[in-house]
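# Inside the fold
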Amino acid sequence: YREDDINQPSTSNISGYLASFIEENINLQSHQEDMVSFRLDHNDTSPEFFNLHTVDIGSLHDNDMSEKSSTEKLILHRGNVFRELIDAVKNRNISFKNMQIEMVLPNGKTELAEDLGGVLRDTISEFFNTFYETCTMGTELKVPCLRHDFQKEEWSAIGHIIKESFVSEKYFPIRIAPAFFKSSLDEPIDNDEVLENFLKFVSHSDAVLLRNSLQNFEDADEDDLLEFCTNYDAKCLPNKHNLKVMLEQIAKEEILQKPSFVRECIRPHLNYIKHILNIDYIFSAY
């Protein structure tokens, strides 16, 4: 990493370091103009970026009279996108469609890039990477967790960012348990679906233990199973007759009940997405 920089590279700011290095060490000559430019081309193959060729969402904001028609410039700092974007949304109702992002690198210089969608997509990716790390719990699937410094305004801002990310760039955070999103949209959820989400929420070793116990309780490791149930505050001892019901109750508490405050904060923004698209299309990506 750069010895003259007080910050060290991380997964959230590595692209900024690369852009800074290229800017300072390579002379990029434009073929059309006598200027230096660096374009971030993002051919993002992440499943969280949807390819919705059949859905016309380009005019959604044009039909929403509450959105501003003029372009707004937003200055963000690489590595601090998560907090700064939340603060920006809290202070004014930002439409990503009408937003021009200027990204400041860790060395204090502006990232030279043409925002033809790439800078916004990069911003969205950094935002949700930080979101997963700091605002959720779980392994393969995650659920939002409460933070003492996040109140209704912060969670509502995150809901707005989820909505704008989808409308503008077809991005949806599919690492969040689908049962949580379905409950936010009042979609039907059966016990088996919640339990399956929970088995992807717990650690891999716990998931193996629970699946084996459900399939053949007699061969289950009773000590490990008892420890698991104790950790999740089970009210009775597990046996082959009640284990599935116990796990369904634990799953509902972890996936649906604990993040209920977050669900209510983001519900209006998710309902906006529901009105413009069959929500089953999103859940099919899981």
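These lines cover the structure that appears in this document, whether it is placed above or below. Every value quoted in this text rests on a predicted model; they were computed, and no experiment measured them.

## As for the packing of aromatic side chains
Within a pair of aromatic rings, the relevant descriptors are the distance that separates the centres and the angle that separates the planes. Applying the stated rule across the entire model yields 14 aromatic pairs. Centroid distance F198 to F201: 6.1 Å. Interplanar angle 25°. Geometry classified as stacked. In this pair, F198 and F201 are both assigned in helix α6 (residues 191-201), three residues apart and thus about one turn of the helix distant. A residue is classified by how much of its surface remains accessible, and F198, at 0% relative accessible area, is buried. A relative accessible area of 7% places F201 in the buried class. An aromatic cluster is defined as three or more aromatic residues linked by ring pairs; in this entry it consists of F82, F127, F128, F131, Y132, F150, W155 and Y171. Above the ring of F150, the side-chain terminus of R147 is found at 4.1 Å from the ring centroid. In this structure, K163 packs its charged tip against the face of Y272, placed 4.7 Å from the ring centre.

## Side note on the pairing of strand β1 (residues 72-77)
Burial along β1 is one-sided: E72, L74 and L76 are buried, while K73, I75 and H77, pointing the other way, are not. In the sheet, β1 pairs with strand β2 (residues 99-104) via six bridges, with the strands oriented parallel. For L74, the partnering residue across the bridge sits in β2 and is I101. This β-α-β element, β1 to helix α2 (residues 81-91) to β2, shows right-handed connectivity.

## So, helix α3 (residues 118-135)
Over its 18 residues, α3 extends 25 Å from the first C-alpha to the last, a length consistent with the 26 Å expected when each residue adds 1.5 Å. For α3, a buried count of 15 out of 18 residues is recorded, marking the element as mostly surrounded by other parts of the structure.

## Structural notes on the nonpolar core
Among the nonpolar cores identified, the biggest contains 43 residues, and F127, F128, F131, I158 and F172 are the most heavily contacted of them. Mapped onto this core, the elements with two or more residues apiece are β1, α2, β2, α3, α4 (152-169), α5 (178-184), α10 (260-276) and α11 (279-283). If we skip the residues at most four places from it in the chain, F128 touches I161, I162, S165, Y171 and P173. Core analysis: the second largest hydrophobic core is formed by 24 residues, A179, V202, L225 and M246 among them.

## Describing the environment of E48
For E48, the position within the fold is in the loop between α1 (14-25) and β1. As for E48 and I174, which are separated by 126 residues in sequence, their C-alpha atoms are 5.9 Å apart. Not counting residues up to four positions away in its chain, the partners in contact with E48 are Y132, K170, Y171, F172, P173, I174 and R175.

## A word on empty space enclosed by the protein
Throughout the structure, instances matching the rule amount to two cavities of 30 Å³ or more. Roughly 50 Å³ of volume is contained in the largest cavity. F131, P144, W155, I158, I162, P173, I176, F180, F181, V262 and I266 together form the lining of the largest cavity. Elements with a minimum of two residues in the lining of the largest cavity: α4, α5 and α10.

## A closer look at the packing of helix α7 (residues 204-215) against helix α9 (residues 243-257)
Packed helix pairs are characterised by how far apart their axes lie and by the angle those axes make with each other. Relative to each other, α7 and α9 sit at 145°, their axes nearing to 10 Å. Counting all contacts with α7, which are made through L210, S213 and L214, the residues of α9 involved are L243, K244 and L247. Of the residues in the contact of α7 with α9, the class split is four nonpolar, one polar and one charged.

Calculation criteria
Residues numbered from 1 in each chain as written. Predicted model: local features only at pLDDT ≥ 70, side-chain atom pairs only at ≥ 80, totals over all residues. Heavy atoms only, no water. Phe/Tyr/Trp six-rings, centres within 6.5 Å; stacked < 30°, edge-to-face > 60°. Helix = DSSP H or I, 4+ residues; strand = E, 2+ residues; numbered from the N terminus. Buried < 20%, exposed > 50% of the residue type's maximum accessible area, 1.4 Å probe, protein only. Lys NZ or Arg CZ within 6 Å of the ring centre and 35° of its normal. Pairing = 2+ DSSP bridges. Right-handed = clockwise from strand over helix to strand, strands pointing away. Expected span 1.5 Å × (residues − 1). Core = buried A, V, L, I, M, F, W, Y, C linked by side-chain atoms within 4.5 Å. Contact = heavy atoms within 4.5 Å. 1 Å grid on protein atoms, 1.4 Å probe; cavity = no way out; pocket = protein on both sides within 12 Å on 5 of 7 lines; lining within 4 Å. Points joined across faces, edges and corners; volume = space filled by probe spheres on them. Axes fitted to C-alpha atoms, helices over the stretch in contact; angles between N-to-C directions. Nonpolar A, V, L, I, M, F, W, Y, C, P; charged D, E, K, R; others polar.

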